[in-house]
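Descriptive analysis of the structure
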Amino acid sequence: MYGLRIEPSRWNAVPIWPATPEMNARHDLARRKIPNDCSSFWFFFEPIFPDLASCWLYWGDECPLSGWEDAPDVADAVGILPVEDYFPPNAILPRFANYVIEDWADLFFFKQPPCPYREFVRRRDDDRFLKRVVDLAFHNVDGAFWVFFARDETFVRRIRERIESLGDPFTATDFRWEQWRKLGS
């Protein structure tokens, strides 16, 4: 898996570590550059949305969408989907990418469901299994940054180019799967 750490995200919470004036300045600039009506997920990853539209989605134990309750089209889509199954292509993402939360979101995409849903849930903490079956993965760490992984190096290159085109204060640095798993959630 190829990976990137993309930062800063739109920092909404008190940092876990002591913040420096430079860190605060970078996050303030990020808040100003990411439009208010746009999630950082949409802002950073929009270039690969056409590819996400054809993938199946697993999002973990909690819905990673925020504010959807007040948007009838999103509420209808979320309400009709099965609770214990993968989400079919384009049912939720990227269609409603602007509602993705910016705090501890985990999103896994597959070209095809890798196994029965309950088996995936049972094995989702097994790194060797995940690295074998996941095609794209996104993880937001406490509103501070995104970690992105892709089986296909082309996706990582496209997102790196996107982040570089945004300029200061955003950066995209190489990131290994093993580093992400140590972050916890």
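Provided above is the structure to which this section pertains.
These remarks concern the structure in this document.

Reading guide: rules and limits
Residues numbered from 1 in each chain as written. Predicted model: local features only at pLDDT ≥ 70, side-chain atom pairs only at ≥ 80, totals over all residues. Heavy atoms only, no water. Helix = DSSP H or I, 4+ residues; strand = E, 2+ residues; numbered from the N terminus. Buried < 20%, exposed > 50% of the residue type's maximum accessible area, 1.4 Å probe, protein only. Contact = heavy atoms within 4.5 Å. Areas by Shrake-Rupley, 256 points an atom, 1.4 Å probe, with all protein chains shown as cover. Core = buried A, V, L, I, M, F, W, Y, C linked by side-chain atoms within 4.5 Å.

Regarding its fold elements, the chain presents eight helices and six strands. Secondary structure of the chain in N-to-C order comes out as β-α-α-α-β-α-β-α-α-β-β-α-β-α. In the chain, which comprises 185 residues, the proportion classed as buried is 45%. Considering only intrachain contacts with a sequence separation of at least 6, the fraction spanning at least 24 residues in the chain is 75%. Approximately 9,500 Å² of the chain is accessible, and the part contributed by carbon and sulfur atoms is 49%.

What follows covers the environment of aspartate 73. With respect to the helices, strands and loops of the structure, aspartate 73 is situated in helix H4 (residues 72-80). Under the relative-accessibility criterion, aspartate 73 is labelled partly exposed at 46%.

Grouped together as the largest cluster of nonpolar side chains are 37 residues, with contacts concentrated most on Ile6, Phe41, Phe44, Phe45, Leu136, Phe138 and Phe148. Here the element with the most residues in this core is helix H7 (residues 153-166); it accounts for five residues.

Along the chain, leucine 93 connects to proline 94 via a cis peptide bond; the corresponding omega equals 10°. Following the sequence through the fold, proline 94 ends up in the loop between H4 and strand S3 (106-110). A cis amide bond links aspartate 168 to the next residue, proline 169, at an omega of 15°. Tracing the backbone through its elements, the reader meets proline 169 in the loop between H7 and strand S6 (171-174). A positive phi angle, close to 55°, is found at tryptophan 104, a residue other than glycine. Tracing the backbone shows tryptophan 104 in the loop between H4 and S3.

By themselves, these observations are geometric and do not establish any function.
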